[in-house]
Amino acid sequence: MSGNTKPNLSESQVTELVKRLYGLTSSQICPLPSYEDQNFYLAPVEGGEYILKVMNSEDSKNTDMLEVQTYAMTFLHQRGLPAQTALPTTTGQLMSLEEIDCGFGSQKYLVRLLTYLPGETISKVPGSPQLLYEVGKMAARMDTVLQEMHHPRLSVLQRENFKWSLPNVSLLDPYVVLMDGEPVQEVVKDVLHQYKTCVVPRCSAFRKGINHGDFNDLNVLVQPSGTDGHRISGILDFGDMNSGCYVYELAIAIMYMMIEHPQPVEVGGAVLAGWESILPLNAEEKDALYLLVLARFCQSLVLARHAVTLYPENQEYLMTTAKSGLRILRQLWERGKEEVESEWFQSAA
């Protein structure tokens, strides 16, 4: 993705866009963090709260993909899961492709107005065993519901060259050089080698499913529940949806729930227990889980460095995971597969 694909709308452009497309008069506009897109919190004078999502110009070309993602959100919402839904424009469209000049020439950006979900990101609250259990359970429930979804363009989720898809770990190879000089680079190389030799030959035994693909600590919202607990109140950002395998979703959830946890290795058992309450793993999936989690760490660390070369002004957000990710990856690698798996599966039993 080239450097000027991320939108950079001004507040006045957002105000005009929302009025023209949705007939709403913005009284409050707050920018929100985003990896490659642009998001805004909106509170119009007409009432309600919304999220305006402006896709980057590259992804905006793939309207079929965005149509499936938007449909999936509604599909989950209708079945009781806390996903956002898109509001139609005044002409009845759930998406609008808009030509906008953000300071580097006119480009086309796909715009959606989404419902606002209350809560704060799970990264900001203590990761209790019960909450981590609920994370695993919610991720598994989401994937079982998505498996029931039918849409004429579902084939777009076969994203063979998508760098963030766990089956495509080999696509990291050209970017590992970005970690030159960092001690953890050798760990990354070793993990990628182990993945290719130990996981890839067994992939045919993994059960297939549709993955959210980015069930991370910034895409899961929670609200207080009871005296000192929390409940999941939102699932955000379906931009990495792809056809994959159930165990990939679990590995991604475990990896990201480790980021802010004071005892990251302990996270795996609680998330796994919640997941298996809905979808028990088979033997091949269990055997691959450790390396899948490490491979996701490698994806996050390597691709974040690549993204910084494209969007240096967004470095702080892009490197969010790297702050503790490097330390956790090394810790998992040094403890080894047998010890980590033993802890996960014994505590999940």
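Structural notes, computed from the coordinates. (Residues numbered from 1 in each chain as written. Predicted model: local features only at pLDDT ≥ 70, side-chain atom pairs only at ≥ 80, totals over all residues. Heavy atoms only, no water.)

## Some thoughts on the pattern of salt bridges
Worth spelling out the cut-off: Salt bridge, as used here, is a side-chain nitrogen of Lys or Arg placed within 4 Å of a carboxyl oxygen of Asp or Glu. Starting at the N terminus, helices and strands are each numbered in turn, a helix being any DSSP run of H or I of at least four residues and a strand any DSSP run of E of at least two.
By the definition in use, this model includes 18 salt bridges. For the salt bridge of Glu182 with Arg305, the shortest nitrogen-to-oxygen distance reads 2.8 Å. Placement of the pair is Glu182 in the loop between helix 3 (129-146) and helix 4 (185-199) and Arg305 in helix 7 (residues 283-310), with a sequence separation of 123 residues. A salt bridge links Glu341 to Lys337; its shortest N-O distance comes to 3.1 Å. In this pair, Glu341 and Lys337 are both assigned in helix 10 (residues 337-348), four residues apart and thus about one turn of the helix distant. Sharing partners across several salt bridges, the network here consists of Arg202, Glu284, Asp287, Lys337 and Glu341.

## Here we look at the nonpolar core
What counts, and what does not: Residues belong to a common nonpolar core when they are buried Ala, Val, Leu, Ile, Met, Phe, Trp, Tyr or Cys residues joined through side-chain atoms within 4.5 Å. Buried, partly exposed and exposed residues are distinguished by accessible area as a fraction of the type maximum, computed with a 1.4 Å probe on protein chains only: under 20%, between the cut-offs, and over 50%, respectively. It only takes one pair of heavy atoms within 4.5 Å for two residues to be counted as in contact.
Counting residues in each nonpolar core, the largest one holds 100 residues, and the members touching the most others are Leu289, Val293, Leu329, Leu332 and Trp344. In terms of residue count, helix 7 provides more of this core than any other element does, 16 residues in total. Discounting chain neighbours no more than four positions away, the residues touching Leu289 are Val247, Leu250, Ala251, Ile254, Leu272, Leu281, Trp344 and Phe345. Among the nonpolar cores identified, the runner-up in size contains 18 residues, and Leu21, Tyr22, Leu42 and Leu52 belong to it.

## Some details on helix 10
Here is the rule: Given the number of residues in a helix, its expected span is that number minus one, multiplied by 1.5 Å. To be clear, the arc concerns the directions from the helix axis to the C-beta atoms.
The first and last C-alpha atoms of helix 10 sit 16 Å apart over 12 residues, in line with the 16 Å expected at 1.5 Å per residue. All buried positions along helix 10 are accounted for by Val340, Glu341, Trp344 and Ala348. One side of helix 10 holds all its buried residues, which, seen down the axis, span an arc of 95°. Projecting away from the buried face of helix 10 at angles above 90 degrees are the exposed residues Glu338 and Gln346. The elements touched by buried residues of helix 10 are helix 5 (246-257), helix 6 (264-276), helix 7 and helix 9 (322-335).

## A short note on helix 5
Relative to the 16 Å expected for 12 residues at 1.5 Å per residue, helix 5 spans 17 Å between its end C-alpha atoms, a close match to the ideal helical length. Burial in helix 5 covers these residues: Tyr246, Val247, Tyr248, Glu249, Leu250, Ala251, Ile252, Ala253, Ile254, Met255, Tyr256 and Met257.

Purely geometric stuff here, so don't read any function into it on its own.
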